[in-house]
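# Residue-level structural notes
Here's the letter readout for the chains.
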Amino acid sequence: MDLRRRQWFLLPILLSAALLIELQLSTAATAPDNLVFQVRSKFAGKREKDLGALRAHDVHRHSRLLSAIDLPLGGDSQPESIGLYFAKIGLGTPSRDFHVQVDTGSDILWVNCAGCIRCPRKSDLVELTPYDADASSTAKSVSCSDNFCSYVNQRSECHSGSTCQYVILYGDGSSTNGYLVRDVVHLDLVTGNRQTGSTNGTIIFGCGSKQSGQLGESQAAVDGIMGFGQSNSSFISQLASQGKVKRSFAHCLDNNNGGGIFAIGEVVSPKVKTTPMLSKSAHYSVNLNAIEVGNSVLQLSSDAFDSGDDKGVIIDSGTTLVYLPDAVYNPLMNQILASHQELNLHTVQDSFTCFHYIDKLDRFPTVTFQFDKSVSLAVYPQEYLFQVREDTWCFGWQNGGLQTKGGASLTILGDMALSNKLVVYDIENQVIGWTNHNCSGGIQVKDEETGAIYTVGAHNLSWSSSLAITKLLTLVSFVIPFFCNIAL
């Protein structure tokens, strides 16, 4: 499906979203909060021998709160470990834990529900928990007459009095469908330096009753996806519309020790330089002006990163690798290899350029991306090269951009470029910023009510030691979902 058509389809909905959500989610105005989440990598700690799975992972795929939400992070973002981050949140009353993929490229939160058709029953990663609305005293179905349903469902088939249903289609042909439900979400509230308490809010999310494609795979499954996109239906936007949090979040992915930081709220330290988001993009896209390889600036055409409506470069923590168009990939690789003509390159699984090498990686140049407002992002050799054997290394750059099912080619900077950096997404001010940072340390967030500054520390949650990866759950992390009423 062509993602650009989805953008056109959602445009009139996005224009009225703020008003619709306010009418539906009426609450007293309160100070926005800073929140943190327990997150860990889905495939961290296991070196993947099937490198094709790396690309497949990227191709198939967001009461009163007082401060910030903390999502303690686990795993790593190294390509050979197939870094994929997921959080533990609580849903319902009494609260039950659910593990959901943290995705900056999609919007709605959804989880597998009790009685779901083709939902995974067992996972090597976590203990799967189907959501059961009947077991939660605070669960309420969302009807077709609800304003929120009017926002996500523009089909006339959704009649007043019926339950509002949803469908999300992903770029690989996978889909999830079910119905919308409103219930309590339980989160970790920042209460002091490296301290959190429990708090809750109300969220509308999808209760998945049927999955298709890769979403039905069970070996490496999680309970669902938590979208952190900038649409008003996303997890963060719903909380922000209630005055619970600011529409700002940050992550710091530790590529050295694993884990890292993921927090909602205003980051005050370290400071980051920001570049504007592209206003017409549904993704977190920014304008890229130049690429430097060492001290040399690549000679690129002015439209090298244009792809129809998807212009610019997408910043996406849900993608592992870096995807570049041919007009950028080829001169980039030629410049990197100019001083390494002794290398015997070979291609692995039609996607990865690899070579035998036993010397120090610092002989390779740093690649620096230059953005608007003089903001730069440096990717070092130890970040764009990954080791598959003791004497064999591969490049994480992928040529041709990331091809969607609809044929569009997207330029994406994934975890390989974003690791070891604090990345701040300020949706309210429409800017993204970053700075090099030791992600094993902490960041400081501001309590909007009291003005207090609290330190949020890094986390590195454990994962199953018996993980055996032979086939991956694959999702498009930057897909734009659409919703409709269908017979399930």
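A short tour of the structure in this document, coming up. In every chain, residue numbers begin from 1 and rise along the written sequence. Under the rules for a predicted model, residues below a pLDDT of 70 receive no local features and side-chain atom pairs below 80 are neither given nor counted, while totals for whole chains, interfaces and linings still include all residues. Computation of side-chain values covers all heavy atoms of the structure but excludes hydrogens and water.

## Some remarks on the overall build of the chain
- A run of H or I in DSSP becomes a helix once it reaches four residues, and a run of E becomes a strand once it reaches two; helices and strands are each numbered from the N terminus. For the chain, the helix and strand inventory stands at seven helices and 33 strands.
- Burial classes: relative accessible area under 20% of the type maximum marks a residue as buried, over 50% as exposed, and values in between as partly exposed (1.4 Å probe, protein chains only). Expressed as a percentage of the 488 residues in the chain, the buried residues total 60%.
- All accessibility values rest on the Shrake-Rupley procedure with a 1.4 Å probe; residue burial counts only the protein chains present in the view. Here the chain displays about 18,200 Å² of accessible surface, and carbon together with sulfur accounts for 46% of that area.

## So, the pairing of strand β7 (residues 165–169)
- In terms of burial, β7 is largely enclosed, as four of its five residues are buried.
- For two strands to be treated as a pair, DSSP must find at least two bridges joining them. Judged from the five bridges that link them, β7 and strand β8 (residues 175–192) form a sheet pairing that is antiparallel. Note on β8: the bridge partner recorded for L169 is S175.

## What about the state of the cysteines?
- Here, the term disulfide refers to a pair of cysteine sulfur atoms separated by no more than 2.5 Å. Counted under the stated rule, the structure contains six disulfides.
- Covalently, C116 is tied to C119 through a disulfide, its sulfur atoms 1.8 Å apart. Its S-S torsion of approximately 65° makes the covalent link between C116 and C119 right-handed. There is no split in this pair, since C116 and C119 are both buried.
- Two residues share a disulfide in this structure: C144 and C158, whose sulfurs sit 1.9 Å from each other. Taking the sign of the S-S torsion, about -90° here, the bridge from C144 to C158 comes out left-handed. Here the residue C144 occupies a position in the loop between β6 (140–141) and α3 (147–152), and C158 occupies one in the loop between α3 and β7, the gap between them amounting to 14 residues.
- The class of C158 is buried, set by a relative accessible area of 14%.
- Each bonded cysteine of the chain is numbered by sequence order, and under that numbering the disulfide pairs are 1-8, 2-3, 4-6, 5-7, 9-12, 10-11.

## Thoughts on the nonpolar core
- Judged by nonpolar contacts, the single largest core of 73 residues is most densely connected at F235, F369, Y384, F395 and W397.
- Top element by residues in this core is helix α5 (residues 326–337). It accounts for six residues. Nine residue types can take part in a nonpolar core, namely buried Ala, Val, Leu, Ile, Met, Phe, Trp, Tyr and Cys, and a core is a set of them joined through side-chain atoms within 4.5 Å.

## What to know about the packing of aromatic side chains
- Only the six-membered ring of Trp is used, alongside the rings of Phe and Tyr, when aromatic pairs are assigned; centres must lie within 6.5 Å, and planes under 30 degrees apart are stacked while those over 60 apart are edge-to-face, with the rest tilted. A complete count under the given rule lists 19 aromatic pairs for this structure.
- Look at F371 and W434: their rings are 5.2 Å apart centre to centre, the planes differ by 75°, and that puts the pair in the edge-to-face class. Residue F371 is found in strand β22 (residues 367–371), and its partner W434 is found in strand β31 (residues 431–436); the two are separated by 63 residues along the sequence. Each of the two residues, F371 as well as W434, counts as buried.
- Three or more aromatic residues joined by ring pairs form one cluster here, namely F355, Y357, F364, F369, Y384, F395 and W397.

## Examining the pattern of salt bridges
- We count a salt bridge whenever a side-chain nitrogen from Lys or Arg sits within 4 Å of a carboxyl oxygen from Asp or Glu. Counted under the stated rule, the structure contains six salt bridges.
- Across the pair K246 and E448 runs a salt bridge, and its minimum N-O distance is 3.6 Å. You can see K246 sitting in the loop between α4 (235–241) and β11 (248–253) and its partner E448 sitting in the loop between β32 (442–446) and β33 (453–457), a full 202 residues away along the chain.
- Take E448: its relative accessible area is 23%, and that puts it in the partly exposed class.
- Each of K246, E266 and E448 takes part in a single network of salt bridges with overlapping partners.

## Comments concerning the side chain of D316
- Tracing the backbone through its elements, the reader meets D316 in the loop between β18 (313–315) and β19 (322–324).
- Within polar-contact distance, the side chain of D316 engages the side chain of T104 at 3.0 Å. Any N or O atom pair separated by 3.5 Å or less is treated as a polar contact, with the protein-specific requirement of one donor-capable and one acceptor-capable atom, and with residues adjacent in sequence counted only for side-chain atom pairs.

## Quick word on the sheet that holds β32
- Taken in spatial order, the three strands make up an open sheet running β13-β32-β33, and their pairing is antiparallel. Each edge of the open sheet is held by one strand with a lone partner, namely β13 (267–269) and β33. When the angles between neighbouring strand axes are averaged without regard to direction, this sheet yields 45°.
- Bridging between β32 and β33 involves five bridges; their strand directions are antiparallel. For K446, the partnering residue across the bridge sits in β33 and is I453. Every angle, taken between N-to-C directions, lies between 0 and 180 degrees, and every axis is a line fitted to C-alpha atoms, over only the stretch in contact when it is a helix.

## Details of α5
- Take the residue count of a helix, subtract one, and multiply by 1.5 Å to get its expected span. An ideal rise of 1.5 Å per residue puts 16 Å on twelve residues; α5 measures up with 16 Å between its terminal C-alpha atoms.
- Considered for burial, the residues of α5 that qualify are V328, Y329, L332, M333, I336 and L337. Viewed end-on, α5 has its buried residues packed into an arc of 140°, placing them on one side of the element. Working definition: the arc comes from the directions between the helix axis and the C-beta atoms, pointing outward to the latter.

## Description of unusual backbone geometry
- Residue P94 is reached from T93 by a cis peptide bond, and omega for that bond is 0°.
- Mapped onto the secondary structure, P94 falls in the loop between β3 (85–91) and β4 (96–103).
- The omega torsion across S269 and P270 is 0°, close enough to zero to call that bond cis.
- Relative to the helices and strands, P270 is located in the loop between β13 and β14 (273–276).
- The phi torsion at R118 lies on the positive side, around 65°, for a residue other than glycine.
- Mapped onto the elements of the fold, R118 is located in the loop between β5 (110–117) and β6.
- Positive phi values are uncommon outside glycine, yet N420 reaches one of about 60°.
- Within the element layout of this structure, N420 appears in the loop between α7 (415–418) and β30 (421–426).

Just geometry here; none of it tells us what the structure is for.
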